[in-house]
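Coordinates in review
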Amino acid sequence: MEKDDCIPLFETKRMKGRFIYRLFALSIFVSIVLVWVYRAINIPSECGSRLVWMMMFAAELWFGLYWILTQSVRWNKIYRVPFKERLSQRFEEELPCVDVFVCTADPTIEPPIMVINTVLSVMAYDYPPEKLSVYLSDDAGSQITFYALLEASTFSKQWLPYCKKYNVEPRSPAAYFSAFPQKDDADQASEYYLIKNLYADMENRIELASRAGRVSQEAQAGHGGFLNWHSYFSKGDHDTILQILINGDNSDDKDVEGCSLPTLVYLAREKRPRHFHNFKAGAMNALIRVSSEISNAPIILNVDCDMYSNNSQAVRDALCFFMDEKQGNEIAFVQFPQNYENVTKNDLYGNSLLIISQVDFCGIDGHGGPLYVGSGCFHRRETLSGAKYSKEGLAKLTRERAIKFKENIQELEERLKFLANCQFEENTEWGDEIGVKYGCPTEDVISGLSIQCRGWKSAYYNPEKMAFLGVAPTTLDQTLVQQKRWSEGDLQIFISKYSPVWYGVGRIKLGHIMAYCIYCLWSPNCLATIYYCIIPSLHLLKGIPLFPQISSLWFLPFTYVIVAEHIHSLVEFLFSGGTILGWWNDQRMWLYKRQTSYLFALIDTVLKMVGLSTFSFVISDKTTDEDVNLRYKQEIMEFGIPSTMFTILASLAMLNLLCFIWLVKKIVADFGVGYAYEYMILQTLLCGILVAINLPLYNAMFWRKDSGRMPTSVTCKSFFFALSVCTCYAYLY
Ligand SMILES: O=c1ccn([C@@H]2O[C@H](COP(=O)(O)OP(=O)(O)O[C@H]3O[C@H](CO)[C@@H](O)[C@H](O)[C@H]3O)[C@@H](O)[C@H]2O)c(=O)[nH]1
Ligand SMILES: [Mn+2]
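Each chain has its residues counted from 1, running along the sequence as written. Each chain gets a letter, beginning with A, and each ligand a number, beginning with 1, in the order they are written. Predicted model: local features are reported for residues with pLDDT of at least 70 only, side-chain atom pairs are reported and counted for 80 or more only, and whole-chain, interface and lining totals are derived from all residues.

**A closer look at the nonpolar core**
By our criterion, buried Ala, Val, Leu, Ile, Met, Phe, Trp, Tyr and Cys residues that link up through C-beta atoms within 7 Å make up a nonpolar core. Residues with at least 20 other C-beta atoms within 10 Å of their own are called buried, those with 12 or fewer are called exposed, and the rest are partly exposed. The C-beta atoms themselves are positioned from the backbone. Core analysis: the largest hydrophobic core is formed by 140 residues, its most contacted members being Val102, Val119, Val134, Leu149 and Leu267. Only DSSP runs of H or I covering at least 4 residues are called helices, and only runs of E covering at least 2 are called strands; the numbering of each starts at the N terminus. Top element by residues in this core is helix α5 (residues 143–166). It accounts for 12 residues. Boundaries of every domain are those given by an automatic assignment or by a domain database. Both domains that meet at this core, namely domain 1 (18–68 + 529–732) and domain 2 (97–297 + 396–426), each give it at least three residues. In this description, any two residues whose backbone-derived C-beta atoms lie within 7 Å of each other are considered to be in contact. Excluding residues within four positions of it along the chain, valine 102 makes contact with Thr118, Val119, Val122, Val134, Tyr135, Leu136, Val303 and Cys305. In this structure, Phe639, Leu655, Cys687 and Leu690 belong to the second largest nonpolar core, which totals 36 residues.

Spelled out as structure tokens, the structure:
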């Protein structure tokens, strides 16, 4: 037994081929420096061109410095391998309790049927049910969501034994039934169809209620919980609703085979119009408090309502990190990547964030641990509640359940409601030193950072069989809006009290700080990028070169940086499991994010600093209508609405198109190919590539007829805008 204890529960492997990569990175670095040198020693004397030149220099300084930041995550990548068998050999009898928090906020864009599929999938984890509790936080306080959860609690009595008996995966019924339309195994087949029908019936009832917008009187009469809605005025004005739907300790709450079920709790925290609710962070903190009085598990898993468990072993994987005798004690949270069920082959909107999940996070893990990015993260309860790291003070994970309530369930619910009331947090440290932090659109990232600054580590685990699958945005607009929230949140972290730069220094490693800065500085990237998309192309109009000529030696570092870095990024993308077209799409998305989301995030952050704007949280829509979804599946870009973001994208694309056409005309009519080739090859290439990458956009403006095309108003606006800029430049400047 003694010997056994020394075998670690997880292993950390380092990336191979580090030396070659470092050599390559060094060569890029040298070229970047040469680019800077070229800019510094060739500053023109004439005032106007000097300004243009200096701004090019500034943009390249930014790109170069930002590139250096991105090296932090490529320097020392690590991979984790947990050993579940060892965990089960050593700890099967004393596994810790786990609380799962599922958050939902809007029954129209987060359909209740989707929410309960997520709930059912986590209830069905391969884990002792008496040690598992699932809490659903409903920020809409929706009766329909409550009704759906009630249905789910009944259905779970069949679903859980079925999952365990046949060891099925995934354990979200919707995903399971759509992936396995038939069962041939005779034994399983009869049960399969029985359960499938049960599920279909339940789905029907929930859809009916959803469509009607209310729960039938009959159904309401069936459960006392609905009485809570008597004091409900609206989604933003109601008392706390707390219902324990399944009490795992109760001998009556058993599945059809007589086995225990996980505890299941519905919580809608109190909402009042005059009381700011702090979005998901507020919901998380209410959950932390309420759960502490019910199950008080030392490990907490947080998932968004669309992110169902795709791998019933993930809890055990996560526990290998926490329970390892040597290193587990310093790990505060274990983050899994966020994967999406609906990503198409070439991932048109770059939603899978492939490089972040396959490269960046492995690199950050080598510096002290990944960011907490919300969904798919396991926490130690004590760190979430603010504890400093100290090996001695660490609570044993395998302790008994801390609270064993004696009163009956109704009394308990009444007693605990105040924990989720608006007033509870007044004059407390909640949202600041305790719990998830408030005031930042990426509350999770800032909370994770402050945990790491208190001395804790985190771990990143990316299992082959994806642990969680969610719903990615299916339109360009949704992706850009989501990216705006993220980049804005991360920029606010940068300028906050908890900035990785000033707060992190001395608390976390330099590499770690740099890695955080990659995300915190997403947003300011917009300036250099937009400059690069406009100015060099405009200068083609007058034939003014801004880059070295092909005959100059300075041409080499520029070309090397551009070509080598792009080849590297393509190779990295392919190695991470992407396709060539996927890479091209990803490049386009980075361009579009920088031209719109990041720009808006930057502007909003500045406005907030001067007090002209307040913080909002646009919840991602998890539904799509049919023809939008059809186009999404065919990887056709979705525009369709006259958004300001699209006007910017279209204007920049149009500007480059006009410049490019002008250049072609000049070459054909007057100067011949040599003109562009000798003097302005890099500039021509830049403009040409911008045109090429924007092809889907031109298509949406000029050819497409479907409802996802670019609205005519946007096309016209962008055309006149681009034309006037080009004309002004060509004739006035
Ligand atoms: O007032 C609110 C607003 C949102 N949510 C929930 O928060 C989750 C995330 O919201 P979503 O609109 O899906 O945002 P995403 O951008 O898709 O989510 C990512 O980004 C968030 C931070 O911006 C993280 O919190 C998430 O975990 C992460 O998956 C969802 O379950 C919502 O129901 C609430 O509970 N209350
Ligand atoms: Mn989401």
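Read on, since the account is not over.
**Some details on the sheet that holds strand β10 (residues 308–309)**
One open sheet holds the 3 strands; their spatial order is β10-β15-β12, and the pairing between them is mixed. In this open sheet, the two edge strands, each paired with only one partner strand, are β10 and β12 (339–340). Should DSSP find at least two bridges between two strands, the strands are taken to pair. Where β12 meets strand β15 (residues 468–470), 2 bridges bridge the pair, whose relative direction is parallel. Counterpart to tyrosine 340 in the pairing with β15 is glycine 470.

**Considerations on the packing of α5 against helix α7 (residues 186–212)**
To get an axis, a line is fitted to the C-alpha atoms, and for a helix only the part in contact is used. The angle between two axes follows their N-to-C directions and goes from 0 to 180 degrees. Running from N to C, α5 and α7 point in directions that differ by 170 degrees, and their axes come no closer than 10 Å. It follows that α5 is roughly antiparallel to α7 by the angle criterion. Across from Ile144, Tyr147, Ala148, Glu151, Phe155, Gln158, Trp159, Tyr162 and Tyr166 in α5, the residues of α7 making contact are Gln188, Glu191, Ile195, Leu198, Tyr199, Met202, Arg205, Ile206, Ala209 and Ser210. Class assignment of the residues belonging to the contact of α5 with α7 gives a composition of 13 nonpolar, 3 polar and 3 charged. Oblique is the label for any angle not under 35 degrees, not over 145, and not in the 65 to 115 range, which are roughly parallel, roughly antiparallel and roughly perpendicular in turn. Ten residue types, Ala, Val, Leu, Ile, Met, Phe, Trp, Tyr, Cys and Pro, are classed as nonpolar, four, Asp, Glu, Lys and Arg, as charged, and the remainder, Gly among them, as polar.

**Some remarks on the domain arrangement of the protein chain**
Split by domain assignment, the protein chain resolves into domain 1 (18–68 + 529–732) and domain 2 (97–297 + 396–426). Spacing between the C-alpha centres of domain 1 and domain 2 amounts to 47 Å. Counting residues at the interface gives 5 residues for domain 1 and 7 residues for domain 2. For the side of domain 1 that touches domain 2, a count of residues per class yields 2 nonpolar, 1 polar and 2 charged.

**Focus: the sheet that holds strand β3 (residues 98–104)**
Within the open sheet, the 8 strands sit side by side as β7-β8-β4-β3-β9-β13-β11-β14. Their pairing is mixed. Here the strands that pair on one side only, and so sit at the sheet edges, are β7 (241–246) and β14 (457–460). The sheet shows a mean angle of 20 degrees between the axes of neighbouring strands, taken without regard to direction. Looking at chain direction, β3 and strand β9 (residues 299–304) are connected through 6 bridges and run parallel. By the bridge assignment for β9, phenylalanine 101 is matched with asparagine 302. Along the sheet face, helix α10 (residues 314–323) touches β3, β9, β11 (331–335), β13 (377–380) and β14 and points at about 155 degrees away from the line of β11.

**Looking at the site of ligand 1**
Around ligand 1 lies a shell of 23 residues, among which Cys103, Ala105, Phe279, Asp304 and Gly374 are the nearest. Looking at the shell around ligand 1 residue by residue, the classes come out as 9 nonpolar, 8 polar and 6 charged. Here the shell around ligand 1 spans two domains, and each of domain 1 (18–68 + 529–732) and domain 2 (97–297 + 396–426) adds at least three residues to it. In this entry, near means the residue's backbone-placed C-beta atom lies within 6 Å of the molecule or strand.

**So, the UniProt feature "transmembrane region" (unreviewed entry) in the protein chain**
UniProt positions are given in the numbering used here, feature names are shortened, and annotations may be inferred rather than shown by experiment. Within this numbering scheme, the UniProt entry marks residues 20–39, 51–69, 516–538, 558–584, 596–619, 639–664, 676–698 and 710–732 as carrying the feature "transmembrane region" (unreviewed entry). Helix and strand shares over residues 596–619 are 54% and 0% respectively, and the end C-alpha atoms of the span are 18 Å apart. Secondary structure across residues 710–732 divides into 91% helix and 0% strand, with the first and last C-alpha atoms of the span separated by 31 Å.

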